[in-house]
Amino acid sequence: MDFVAQLTLFVLAIFLGFELITKVPPTLHTPLMSGSNAISGITLVGALLAAGHGGSTLISVLGFVAVVLATINVIGGFMVTNRMLAMFKRK
Amino acid sequence: MDFVAQLTLFVLAIFLGFELITKVPPTLHTPLMSGSNAISGITLVGALLAAGHGGSTLISVLGFVAVVLATINVIGGFMVTNRMLAMFKRK
Amino acid sequence: MQIAQHWIDIAYLIAAALFILGIKGLSKPKTAVRGNLLAATGMGIAAVVTLLHHDIVSYEVIIAGLIVGAVIGAILAIRVQMTSMPQLIALLNGFGGGASFALAAAEYFKGVDSTVAMAASGAAVLIGAVTLTGSFVAFAKLQELIGGQPKGFPGMKLVNLVLLVFSLGAIGYMTWTGQPNDTLFWAVVAAAALLGIMLVMPIGGADMPVVIALLNSYSGLAASAAGFVMGNSALIITGSLVGASGLILTQIMCKAMNRSLTNVLFGVMAEAGEAMDADEVYKGKIKSSSADEVAMILETAQRVVIVPGFGLAMAQAQHAVRDLADTLEARGTVVEYAIHPVAGRMPGHMNVLLAEAEVSYDKLKDMDTINPTFEQTDVAIVIGANDVTNPLAREDKSSPIYGMPILNVDKARTVVVVKRSLSPGFAGLPNPLFAKDNTLMLFGDGKQAIIDTTNALKEG
Amino acid sequence: MQIAQHWIDIAYLIAAALFILGIKGLSKPKTAVRGNLLAATGMGIAAVVTLLHHDIVSYEVIIAGLIVGAVIGAILAIRVQMTSMPQLIALLNGFGGGASFALAAAEYFKGVDSTVAMAASGAAVLIGAVTLTGSFVAFAKLQELIGGQPKGFPGMKLVNLVLLVFSLGAIGYMTWTGQPNDTLFWAVVAAAALLGIMLVMPIGGADMPVVIALLNSYSGLAASAAGFVMGNSALIITGSLVGASGLILTQIMCKAMNRSLTNVLFGVMAEAGEAMDADEVYKGKIKSSSADEVAMILETAQRVVIVPGFGLAMAQAQHAVRDLADTLEARGTVVEYAIHPVAGRMPGHMNVLLAEAEVSYDKLKDMDTINPTFEQTDVAIVIGANDVTNPLAREDKSSPIYGMPILNVDKARTVVVVKRSLSPGFAGLPNPLFAKDNTLMLFGDGKQAIIDTTNALKEG
Ligand SMILES: NC(=O)c1ccc[n+]([C@@H]2O[C@H](COP(=O)([O-])OP(=O)(O)OC[C@H]3O[C@@H](n4cnc5c(N)ncnc54)[C@H](OP(=O)(O)O)[C@@H]3O)[C@@H](O)[C@H]2O)c1
Ligand SMILES: NC(=O)c1ccc[n+]([C@@H]2O[C@H](COP(=O)([O-])OP(=O)(O)OC[C@H]3O[C@@H](n4cnc5c(N)ncnc54)[C@H](OP(=O)(O)O)[C@@H]3O)[C@@H](O)[C@H]2O)c1
């Protein structure tokens, strides 16, 4: 994918992100923060590629660190969001 | 640009289109219709390429027809939208 | 002069961003004008930059096309009367679909080299041709070149299905085999063109705005499909933006008319119930009145509500109505306008017209605001409105318009209905409102009747 | 097993669509749970499909990393108390930034071959490292490992500017020359890490949620930048989605706290006005009370409003408070909760806590709803809230919190304040509310004090 195509995706997604979050009630700010935080753990995808690439030790270490951190972010984020939302739902 | 990249643009733009139009007051339905109609005249871009390609007569004729129709759509659409909106503004 | 593809693509991206901002702007009253200008700027950028593309070797055809198109477009836009706006939009939309169709056909004859391009050019031809002929039928219905009544024949749906299956099959076949086949191609064009006509024919004229919004969405999708053929990101993005927003707009409009999209598309409204006999409804119950009598009643009115409808547009009575309102207000009467969401022939039609006559915006009340106030209204003046005041929608379950929310004018102390005859409105139904005890008919052309009343009021 | 890039990209597209639907869902109460699940599903799809990528040759490191990360993440998520939620989010966010940083560094050392990749990896390292250290400072402030007060030194802003300019310059230089330079690379890492610390240090603890939302936006942008390095559409799209939505969320939160983003970022609040002398405010004016006395007052109250604050969270008093409310309601007293938008340490903090104690949703009133009713309130019980009730915000223009909308508890007939001491809240300011004539202080741990009061009420 060439640079302009990447840039196009970037711009469209920025617009979309702006449009999606409008008038969130304060009650949902925290779950939304932890949820979108978990989504930003998409770095995991890149981390997996870096860690599995079988490069130098430095690269593998960095890849390992990236996988660990991204996984914490993803698993922790989605689980805690779910926990919070489940509490709201109970009523 | 490969097919999946095209498809990605398509999907993102569909989502964006859905998000953009929410709760338009009825007063604006008509201008919005004529405005987005004018925007769909983007076919003009393709029509210009087809008409200027210098191919067979059939292709040139089709290109010419495409340019004419798209231009009517674009010019007519934006002008008439502007005319309608100008009337709203006058108060 | 020619520039690298790179920069062209960036310019397309800028144009797409401007379209996005434009559509966003168009959805709010405050930013609508700017939104339209932004979108037009985007289009300008996209067009100019395309002219610098290295694929373009000759400019004669282009220049000729641009001039012809621009002249026609400008004339249409400048000449059109506000009352004919729906027709114009239908027409322009048809041209948009036609452009996508012609473009996809040109690409097809240039030769399509990939599976995606073949399938996409087939889709663009199909959708483009349906949009073209469908919009023209919508135009013809609105311009009253053909009747607004639903038209069809038994088994029409089956024929449509056959046409659609055939088209999809033919495109699929060419895509699958990778063999373009010109005969098959033209057959698809013919089938699609016929399909467009036959899909819109059975839809009542009253539903045309919804149909136009939907066809607008189609023309976006056709542009997007053409983008897949050419590998052009501007077409893909912009086309799908319009496709999606058109679809949402369609839904919003259906909601405002209290109908489902499937009902609209399959003309279900027209099929429900028996045709009512107008004679039976009206016979012996109609009280015809005069401008002088109406002026007398208005003299003592404290609160008057004006209910404009399609007839106001037909009679070009917007300025006359404003005069009447000014006269009443000068006498201390409170005057408001009741705007039904689908009064006239397109959403916001009455707003556009009354705005043209410089009626102040805050006197235009929407249906939900004004309906509870009719009981405190001395006189409701219905000018060229019919269906949007028809109590059948509220009361008669077997009526085709049952369920459509209406303006409850019949609750006003006196109702004055201005129209030329007892002939029905768009839905083709008699209106029991005209036969009510508290209703006075003021027959005549809308504009003249109002002017007469105003004069009588001034003299009286 | 390995699959074609083609299919991987399609899976990424599906994942991106699920993220979009997920974020959309998370912004509405009804659909929030489903939204979260959709997003998690998207992440699962993206991760699984990546494992099938042909670039992946060894799985040991991956599996080790996944297990370690999943265990830590799950423990954090299960163990965390609702009161510590803000800290956890800060921490997780830091990890996200750290991951982008580590990933971009790995890509850098693999060798970046294009201008875009070099610039993007620099950007990802810079933003990722700032997010990492910045989030950790935010975590430390919220966990009270370091004081919540703004910390800084003269010329700090200048140093920050120098660090930023240096980092951008170094990245620009490497991009321009096309020559990776490891020394320079690590210098950028160090500068960015320092920058993250120094940007968050001067921001008061009370503003941390805004900072976290902003850093959340950064971590999205870092992921997006990493996507440009790797040419990975999933990262680009998802990262920018989060980047944009985080920014909007930041703005929404600033608005709720009545502050501008620049004010938050440059710690302007902390600089305004003189520190007030607590002794002067409180001396000789504090009326200390007991659980029995408070119970007696409550006995005759018709309407009670409970005002929870951060202390409620600290004392884990949510269940005790609910008991008290139940007891009061059993006696026929009307009980409502006044929820300030920034009570506690994160937006919606009190809603989460009281939801945990199964307080019915419709008893939680937001600030605008409850404020006009304090005058008709017999007793306002302030439990561990401080800043959100501080009249200085309304009255004292020189106060650092001036302009923040507050709960007007001082308008209630009697105010009971439950806290352990006269020590200040997050903003570090004395609260004249405690010295008012109609205020009674009930000193003690929030939970115990409430339980005592409930018991006294039941016995009395
Ligand atoms: N706004 C939209 O989006 C939209 C779009 C399409 C269709 N529709 C449909 O259109 C209808 C709109 O209802 P409506 O009440 O506004 O209009 P209508 O039901 O179509 O009735 C219009 C009335 O105006 C009268 N009229 C025509 N020319 C006139 C003139 N020169 N002077 C005086 N009266 C004249 C006609 O009666 P005479 O011939 O007796 O004078 C007719 O009964 C609804 O069925 C609606 O669903 C709405
Ligand atoms: N919600 C958000 O988004 C958010 C995020 C960050 C910061 N903030 C800021 O945080 C503040 C929130 O105000 P607030 O009124 O909720 O809280 P606050 O002003 O921070 O005051 C909390 C009070 O709780 C008392 N407390 C602590 N532990 C207690 C215990 N175990 N039992 C009883 N009382 C206890 C403390 O007094 P003692 O020590 O005397 O007991 C303290 O005065 C505002 O400044 C706001 O801007 C809000």
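Scoring rules and cut-offs
Residues numbered from 1 in each chain as written. Chains lettered and ligands numbered in written order. Predicted model: local features only at pLDDT ≥ 70, side-chain atom pairs only at ≥ 80, totals over all residues. Heavy atoms only, no water. Helix = DSSP H or I, 4+ residues; strand = E, 2+ residues; numbered from the N terminus. Expected span 1.5 Å × (residues − 1). Buried < 20%, exposed > 50% of the residue type's maximum accessible area, 1.4 Å probe, protein only. Polar contact = N/O pair within 3.5 Å; in protein donor to acceptor, adjacent residues only side chain to side chain. Contact = heavy atoms within 4.5 Å. Buried area = accessible area lost by both parts, 1.4 Å probe. Salt bridge = Lys/Arg side-chain N within 4 Å of Asp/Glu carboxyl O. Nonpolar A, V, L, I, M, F, W, Y, C, P; charged D, E, K, R; others polar. Domains from an automatic or database assignment. Pairing = 2+ DSSP bridges. Near = heavy atom within 4 Å. Areas by Shrake-Rupley, 256 points an atom, 1.4 Å probe, with all protein chains shown as cover. Axes fitted to C-alpha atoms, helices over the stretch in contact; angles between N-to-C directions. pLDDT = per-residue confidence, 0-100. Patch = residues over 30% accessible without salt bridge, like charges linked within 9 Å, V, L, I, M, F, W, Y side chains within 5 Å. Arc of directions from axis to C-beta. Phe/Tyr/Trp six-rings, centres within 6.5 Å; stacked < 30°, edge-to-face > 60°.

**Focus: helix α1 (residues 3-20) of chain A**
In an α-helix, one turn spans 3.6 residues, which is why side chains three or four residues apart end up on the same side.
Residue and element names in this part refer to chain A.
Item 1. Between its first and last C-alpha, α1 extends 25 Å over 18 residues, near the 26 Å set by a 1.5 Å rise per residue.
Item 2. Among the 18 residues that make up α1, 14 are buried, leaving the element largely enclosed by the rest of the structure.
Item 3. Two or three places before V4, at the start of α1, stands the capping residue D2, its side-chain oxygen 3.2 Å from that residue's backbone nitrogen.

**Remarks on the interface of chain B and chain D**
Item 1. Taken residue by residue, the interface counts seven residues in chain B and nine residues in chain D.
Item 2. Summing the contributions of chain B and of chain D, the shared interface buries around 790 Å²; its carbon and sulfur component is 85%.
Item 3. Its largest share of buried area at the contact with chain D, chain B owes to V4, T8 and F15 of chain B, together 55% of the area lost on that side.
Item 4. Taken together, the links from chain B to chain D amount to one salt bridge.
Item 5. Taking the shortest distance from any N to any O, the salt bridge between E19 of chain B and K24 of chain D comes out at 2.6 Å.
Item 6. The tally of links from chain B across to chain D stands at one residue pair in polar contact (both at pLDDT 80 or more).
Item 7. Partitioned by chemical class, the residues of the side of chain B that touches chain D number five nonpolar, one polar and one charged.

**Focus on the domain arrangement of chain C**
Item 1. Each domain of chain C was delimited in the assignment, giving domain 1 (1-79), domain 2 (86-265) and domain 3 (278-459).
Item 2. Taking only C-alpha atoms into account, the centre of domain 1 of chain C sits 43 Å from that of domain 3 of chain C.

**Describing the pairing of strand β1 (residues 303-308) of chain D**
Residue and element names in this part refer to chain D.
Item 1. Most of β1 is tucked away, with six of its six residues classed as buried.
Item 2. Burial along β1 is two-sided: the residues R303, V305 and V307 and V304, I306 and P308 are all buried.
Item 3. Judged from the four bridges that link them, β1 and strand β2 (residues 334-339) form a sheet pairing that is parallel. If you follow V304 over to β2, its bridge partner there is V335.
Item 4. Pairing of β1 with strand β4 (residues 379-383), which is carried by five bridges, proceeds in the parallel orientation. Its bridge partner lying in β4, I306 is registered against I381.

**Looking at the pattern of salt bridges**
Side chains that differ in charge, positive against negative, can pair when their charged atoms come close.
Item 1. Applying the stated rule across the entire model yields 20 salt bridges over all chains.
Item 2. Residues participating in the shared-partner salt-bridge network are R394, E395, D410 and K436 of chain C.

**Focus: the site of ligand 1**
All names here are of chain C.
Item 1. Close contacts around ligand 1 come from 30 residues, with A206, P209, N386, D387 and S421 the closest.
Item 2. Interatomic distance of 3.1 Å between a backbone N/O atom of A343 and a nitrogen atom of ligand 1.
Item 3. A distance of 2.9 Å separates an oxygen atom of ligand 1 from a polar atom in the side chain of K419.
Item 4. Protein burial of ligand 1: of its 920 Å² of free accessible surface, 97% is covered by the chains.
Item 5. Ranked by residue count, the leading element in the shell around ligand 1 is helix α14 (residues 310-315), at four residues.
Item 6. Formed jointly, the shell around ligand 1 draws a minimum of three residues from each of two domains, domain 2 (86-265) and domain 3 (278-459).

**Notes on the sheet that holds strand β6 (residues 439-443) of chain D**
All names here are of chain D.
Item 1. Read across the sheet, six strands follow the order β3-β2-β1-β4-β5-β6 without closing on themselves; strand pairing throughout is parallel. Only two strands of the sheet have a single neighbouring strand rather than two, namely β3 (364-366) and β6. Recorded for the sheet is a direction-independent mean angle of 25° between the axes of neighbouring strands.
Item 2. One ladder, built from five bridges, connects strand β5 (residues 414-419) with β6; its direction is parallel. Pairing of V417 across the sheet is with M441, part of β6.

**Quick word on the site of ligand 2**
Residue and element names in this part refer to chain D.
Item 1. For ligand 2, the set of nearby residues contains 30 residues, the closest of which are A206, P209, N386, D387 and S421.
Item 2. In this structure, an oxygen atom belonging to ligand 2 sits 3.3 Å away from a main-chain N or O atom of V388.
Item 3. Contact distances for ligand 2 include 2.8 Å between a nitrogen atom and a backbone N or O atom of G446.
Item 4. Taken by itself ligand 2 offers 910 Å² of open surface, and the protein chains cover 96% of this.
Item 5. The element that contributes the greatest number of residues to the shell around ligand 2 is helix α14 (residues 310-315), accounting for four residues.
Item 6. Here the residues of the shell around ligand 2 are counted per class, giving 14 nonpolar, eleven polar and five charged.
Item 7. Counting residues domain by domain, the shell around ligand 2 receives three or more from each of domain 2 (86-265) and domain 3 (278-459).

**Some details on the confidence of the model for chain C**
Item 1. With 97% of its residues at a pLDDT of 70 or more, chain C has an overall mean of 89.
Item 2. Ignoring residues within four places in sequence, the model shows residues 269-273 of chain C, a span with pLDDT below 50, making ten contacts including any to other chains.

**Quick word on a nonpolar patch on the surface**
All names here are of chain C.
Item 1. A cluster of nonpolar side chains, namely Y59, I63, I67, V71 and I75, defines an oily patch on the protein surface of about 430 Å² accessible area.
Item 2. Positionally, I67 belongs in helix α3 (residues 60-79).
Item 3. With relative accessibility at 51%, the residue I67 sits in the exposed group.

**A word on the environment of P430 of chain D**
All names here are of chain D.
Item 1. Relative to the helices and strands, P430 resides in the loop between β5 and β6.
Item 2. Look at P430 and you get buried, because its relative accessible area is 6%.
Item 3. P430 sits 149 residues away from V281 along the chain, and the two C-alpha atoms are 7.2 Å apart.

**Here's the deal with helix α19 (residues 446-459) of chain C**
Residues and elements named next belong to chain C.
Item 1. Between its terminal C-alpha atoms α19 stretches 20 Å, which fits the 20 Å expected from 14 residues at 1.5 Å a residue.
Item 2. Those residues of α19 that sit buried are G446, A449, I450, T453, T454, A456 and L457. An end-on view of α19 places all buried positions within 160° of arc, on one side of the element. Counted as exposed and oriented over 90 degrees from the buried face of α19: K458 and E459.
Item 3. Residues of α19 that are buried sit in contact with α13 (291-299), α14, α15 (318-330), β4 (379-383), β5 (414-419) and β6 (439-443).
Item 4. Residue D445 occupies the N-cap position of α19, its side-chain oxygen lying 3.2 Å from the main-chain nitrogen of K447.

**Focus: the packing of aromatic side chains**
Residue and element names in this part refer to chain C.
Item 1. Under the defined criterion, the tally for this structure stands at 18 aromatic pairs over all chains.
Item 2. For the ring pair Y108 and F185, a centre distance of 4.0 Å and an interplane angle of 10° mean the geometry is stacked. Taken together, the residues Y108 in helix α4 (residues 85-110) and F185 in helix α7 (residues 182-200) connect sequence positions 77 residues apart.
Item 3. On the basis of relative accessible area, F185 is assigned to the buried category, the value being 4%.
Item 4. Seen from their ring centres, F109 and F185 are 5.3 Å apart, and the 70° between their planes marks the pair as edge-to-face. Here the residue F109 occupies a position in helix α4, and F185 occupies one in helix α7, the gap between them amounting to 76 residues.

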